[in-house]
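What the coordinates show
One letter stands for each residue in the lines below.
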Amino acid sequence: VSLESLQRENVSTPTTFLLLGFSSAYKAQVTLCLGFLLIYLVTLLGNLLIMTLICLDSHLHSPMYYFLGHLSFLDICYSSVTLPKILKDTFSPQKTISFVGCVTQIYFFLCFGGSECVLLAAMAYDRYLAICHPLHYTTLMNKKICFCLAVISWLTGSFSSLIQAFIIANLPFCGSNVIDHLFCEVPFLLKASCSPSTHLSKIVSCALAGTIAMGSFLLILVSYIHIIWAVLLRGAGRQKAFATCTSHLTVVSLFFGAGAISYLIPHSSLSKDIHEVLALLYAVVTPMMNPVIYSLRNSEVKGAIRKALHRRALEQRVS
């Protein structure tokens, strides 16, 4: 059935949406399912490993790793919003999602995504204080401030996503119940709506998401401008400290880069397949890559992994 014919069906208030995913060929479905399953397992195990190491290793009880623990938990939640449903739909003849389920998916997807933006900005601010103000670092970034920054990141994502989910929940979908995407996302729901105020809803949604994303990115950018300036002026001691920033910069580049390409470039100028690949990159691949990046590029995390493995080997010998 073509997309045009589905969109012409008279569905006044749809209780379900039809998701148009990847290829329906059996071999392609098997390959996609195995790939998504592997990505999800790596995401869960990798981020759980990071969280466990931070809890157990006293050397990782610092603000940077406190934020990293929150980032790992966010990544688990973020990927769990979309990947299980995508896995389920891979072999389903009818890739459907209820209206309530779609709005709920949008809420949590935006909540965790927005929270991650703000948390990445908080992590950049932490590195700025550690490198540019090392003598006052413990005072400026104490446990109370770390907790407040983490709470602000969660509240910001929750508040923004609540407004956007409310906007979507009150839109009429009288012409179509088809979403030409892998999962529910605001731009595709707005495209499917027949509301005369869709343009206004799009502006409000973009303003909310853009304020969080661009605000966080600008804070990260300003922090790293100061960091790089301090490293260039003050020599080798700061260069060693700058090495702790490379993992964070890599994560920021992946997360904001894919999201910017997907949301800033008009949908009409990119093919459906490219949009789906970009969506998978920031919604699925980035949460998987974060623990890999931090474990491979961070000597303290690698040291904690070696100690945990050594401790486990000693326990097995004793038993």
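Residues numbered from 1 in each chain as written. Predicted model: local features only at pLDDT ≥ 70, side-chain atom pairs only at ≥ 80, totals over all residues. Heavy atoms only, no water.

1. What about the packing of helix α3 (residues 63–90) against helix α6 (residues 143–169)?
Put simply, the rule is: In this analysis an axis means a line fitted to C-alpha atoms, helices contributing only their contacting stretch, and an angle means the value between N-to-C directions, from 0 to 180 degrees. In DSSP terms, a helix is any run of H or I states spanning at least four residues, a strand is any run of E spanning at least two, and both are numbered starting from the N terminus. Angles are sorted into four bins: roughly parallel if under 35 degrees, roughly antiparallel if over 145, roughly perpendicular if 65 to 115, and oblique for all others. When the near helix sits turned anticlockwise from the far one by under a right angle, the crossing is termed left-handed; a clockwise turn instead gives a right-handed crossing. Any two residues having at least one pair of non-hydrogen atoms within 4.5 Å are treated as being in contact. Think of it as three bins: nonpolar holds Ala, Val, Leu, Ile, Met, Phe, Trp, Tyr, Cys and Pro, charged holds Asp, Glu, Lys and Arg, and polar takes everything else, Gly as well.
Across the interface, α3 lies against α6 with an axial gap of 10 Å and an inter-helix angle of 25°. Relative to α6, α3 is oriented roughly parallel. The chirality of how α3 crosses α6 is right-handed. Contacts from Pro 63, Tyr 66, Phe 67, His 70, Phe 73 and Leu 74 in α3 reach Cys 146, Phe 147, Leu 149, Ala 150 and Trp 154 in α6. Across the contact of α3 with α6, the residue classes break down as ten nonpolar, one polar and no charged.

2. Quick notes on the packing of aromatic side chains
For clarity, the cut-off: Pairing of aromatic rings covers Phe, Tyr and the six-membered ring of Trp, with a centre-to-centre limit of 6.5 Å; geometry is then stacked below 30 degrees between planes, edge-to-face above 60, and tilted otherwise. For the exposure calls, accessible area comes from a 1.4 Å probe over protein chains only, and a residue counts as buried if that area is under 20% of its type's maximum, exposed if over 50%, partly exposed in between.
Per the stated rule, a full pass over the model turns up twelve aromatic pairs. Taking the centre distance of 5.8 Å and the plane angle of 65° together, the rings of Tyr 66 and Phe 67 count as edge-to-face. Judged by relative accessible area, Tyr 66 falls into the partly exposed class, the value being 30%. We classify Phe 67 as buried; its relative accessible area is 0%.

3. Structural notes on the pairing of strand β1 (residues 16–19)
Regular strands place side chains that alternate from one sheet face to the opposite one. As a reminder, the rule being used: Pairs of strands are assigned from DSSP output, requiring at least two bridges between the strands.
Across three bridges, β1 lies against strand β2 (residues 96–98) in antiparallel orientation. Bridged to Leu 18 within β2 is Thr 96. Note that β1 and strand β3 (residues 178–179) share two bridges and pair parallel. Note that in β3 the partner of Leu 18 across the bridge is Val 178.

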